[in-house]
Amino acid sequence: MYLWMLKLGFYATWLGLNVFLFVHAFLSYEKADKYYYTREILGFCRRTLRKQLDHNLTFHKLVAYMICLHTAIHIIAHLFNFERYSRSRQATDGSLASILSTLSHQGKEEDSWLNPMQSPNMTVEYVTFTSIAGLTGVIITIALVLMVTSAMEFIRRSYFEVFWYTHHIFIIYFIGLGIHGIGGIVRGQTEESLNESHPHRCAESFKQWDDHDSHCKHPRFEGLPAESWKWILAPGVLYILERILRFYRSQQKVVITKVVMHPSKVLELQMIKRGFSMEVGQYIFVNCPSVSYLEWHPFTLTSAPEEDFFSVHIRAVGDWTENLIRAFEQQCSPIPRIEVDGPFGTVSEDVFQYEVVVLVGAGIGVTPFASILKSIWYKFRHEDHNLKTQTIYFYWICRETGAFAWFNDLLASLECEMEELGKVDFLNYRLFLTGWDSNIASHATLNFDKATDILTGLKQKTSFGRPMWDNEFSTIANAHPRSVVGVFLCGPQTLAKSLSKCCCQYSSLDPRKVQFYFNKENF
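Here is what the cut-offs are and how they apply
- By convention here, each chain's residues receive numbers from 1 onward along its written sequence.
- For a predicted model such as this one, the threshold for reporting local features is a pLDDT of at least 70, and the threshold for listing and counting side-chain atom pairs is 80 or more; totals across whole chains, interfaces and linings nevertheless cover every residue.
- Remark: hydrogens and water are excluded; side-chain values derive from all non-hydrogen atoms of the structure.
- Between buried and exposed lies partly exposed: a residue is buried under 20% and exposed over 50% of the maximum accessible area for its type, with that area taken using a 1.4 Å probe on protein chains only.
- Numbering goes from the N terminus for both helices and strands, where a helix is a DSSP run of H or I of at least four residues and a strand is a run of E of at least two.
- Think of it this way: DSSP has to see at least two bridges between two strands before they count as a pair.
- Here, two residues are considered to be in contact whenever any of their heavy atoms come within 4.5 Å of each other.
- Within 6.5 Å between ring centres, the rings of Phe, Tyr and Trp (the latter by its six-membered ring) count as paired, and their orientation is classed by plane angle as stacked under 30 degrees, edge-to-face over 60, tilted in between.
- Distance and angle both matter: a charge sits over a ring if NZ of Lys or CZ of Arg is within 6 Å of the ring centre and within 35 degrees of the ring normal.
- By definition here, a helix of n residues has an expected span of 1.5 Å times n minus one.
- Angles here are taken between N-to-C directions and fall from 0 to 180 degrees, while the axes themselves are lines fitted to C-alpha atoms, restricted in helices to the stretch in contact.

> Hey, could you run me through the pairing of strand E6 (residues 266-273) in this one?
Walk down a regular strand and you will see the side chains alternate between the two sheet faces. Of all 8 residues that make up E6, 7 are buried, and the element is covered over most of its length. Where strand E5 (residues 254-262) meets E6, 8 bridges bridge the pair, whose relative direction is antiparallel. Looking across to E6, one finds that Val260 is bridged to Glu268. Hairpin remark: E5 followed by E6, antiparallel, with 3 residues in the connecting loop; positive phi at Ser264, about 65°. One ladder, built from 6 bridges, connects E6 with strand E9 (residues 310-315); its direction is antiparallel. Within E9, the position partnered with Met271 by the bridge is Phe310.

> Got a minute to help me understand the pairing of strand E13 (residues 427-433) in this structure?
Summarising burial for E13: 5 of the 7 residues are buried, a large majority. When strand E12 (residues 391-398) meets E13, the two strands line up parallel, connected through 7 bridges. Pairing of Ile397 across the sheet is with Phe432, part of E13. In terms of strand pairing, E13 meets strand E14 (residues 462-464) through 3 bridges, oriented parallel.

> Explain the environment of Lys265 to me, please; I cannot follow it from the model alone.
The residue Lys265 is located in the loop between E5 and E6 in this model. Through-space distance from the C-alpha of Lys265 to that of Ile325 is 8.1 Å; in sequence the pair is 60 residues apart. Excluding residues within four positions of it along the chain, Lys265 makes contact with Ile314, Arg315, Ala316 and Ile325.

> Would you mind showing me how to read the packing of aromatic side chains here?
What characterises a pair of aromatic rings is the spacing of the ring centres plus the angle enclosed by the ring planes. On inspection of all chains with the given rule, the structure shows 18 aromatic pairs. A network of ring pairs unites the aromatic residues Tyr395, Phe432, Trp469, Phe473, Tyr506 and Phe516 as a single cluster. One Lys or Arg, Arg246, reaches over the ring of Phe285 and ends 5.0 Å from the middle of that ring.

> Before we go on, may I ask you to explain helix H19 (residues 493-506) in this structure?
Given 3.6 residues to a turn, an α-helix orients residues that are three or four positions apart in the same direction. Taking 1.5 Å of rise per residue, the 14 residues of H19 would be expected to cover 20 Å, and the 20 Å separating its terminal C-alpha atoms lies within 8% of that figure. Where H19 is buried, its residues contact strand E11 (356-362), E12, helix H18 (469-479), strand E15 (484-490) and strand E16 (515-520).

> What should I look at first to understand the sheet that holds strand E7 (residues 283-287) in this one?
Two pairing modes exist for strands in a sheet, parallel and antiparallel, and in both the strands are linked by backbone hydrogen bonds. Spatial strand order, E8-E7-E10: 3 strands in an open sheet with antiparallel pairing. Each end of this open sheet is capped by a strand with a single partner; those strands are strand E8 (297-300) and strand E10 (339-344). Averaged over all adjacent pairs, the angle separating strand axes in this sheet is 30°, with direction ignored. The pairing of E7 with E8 spans 4 bridges and is antiparallel. Each residue of the ladder has a partner; that of Ile284, found in E8, is Phe299. The strands touched by helix H13 (residues 228-250) are E7 and E10; relative to E10, the strand with the most contacts, the crossing angle is about 120°.

Written out as structure tokens, the structure is:
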């Protein structure tokens, strides 16, 4: 039974690793430059199938949990087996187990042993730390524990560098996996020995094995061949090729054309790069060697595909971003060099596949929607008749008034554009301020009758507090009773749960009537 548990844990772990590595390499690129990637391959598939691509991080975590579970099963089975090895080696009752345990480790058949404990005084700890299987098992288990614990959300959010560097222990992990089975600690009877002394025929007569007239001889055993490398070879090659491609792309020259410091410690970088091609809502990985050679951080592109540059907005939320902003604020020193890898696909690429779109951004989470709204502005300017989207509802939730500043110009331009084209109802936006005091509220109330909002300068007044999502969804459902509505969020998990619940609640059971589809950005 314990051997069966051992094999179950062994093969389930390899299967999880194989699937993880393969899918990681397969999903890493979804659209970039002139390559055709997964999202384009599934472009003509049903929406529900394409949406599964956007759960790659969830899949990553589930595979990690599966690896941990079956690693535990594998280790527990080994512990049980070693306990049996120890008892069998110390037994003096002449049982089959004790005889098999005393099979010679010396002489002509020095490799025919079955029990790795060569003497009654040998301990489990000694075998563990002196055998290839035991030592590599300890190393990869410690590596797995470090990777899993450092990936907890608290550590990942508060100490990203710890998470980043510790997660790269996977290199040691996979090397250990590749050589884990070389020691041959799990053994089986040789083919020749099976023909001479089959266990079904000879197990009952083990006391007569030494007799000259016995048809059964002492069995001989050999280590089972190492197979772990077979499970990680193909996906490992894919992963290495992916890393080479990403390294090549990251080394292409990036020219910073404009640097803008916005309120609320937000840095805007406008850049150009030869051959760079993007779609709305995509993101890139950014590295600044002067801050850290190894750290790459994802940032959503805030520019539109129609523009001749690409841009990101970076808010100071940790050591790396603070150091980056500080480096660009230093006037005397030259502009820091930036390396870029990407772009990579997200759920927001599908935004124009819906007739009605609901965009919800929280704080700096508005960045993917900046790209979308800019692209819409260009589409109207160029009279793009292929635009399927008829109405957009945009909600932006911020804690402080300064966060609205860098986005005001775009919203003001869209307001004017919609008025000129007679499509005032195309863009419906609401700004919500959650961090406010009585002074701000009193000032806004006194100036409520003015044509523009006192806080943002826009025609739409700023609301204080959080949106009442039930009211918002009910209004949208009544206004578009037969439409497919795409709900896109870039924000915290608590908000995601509320919106997902509303999407289910306000979607009609009749597929011909209003249907809400929830989409969330994942990084």
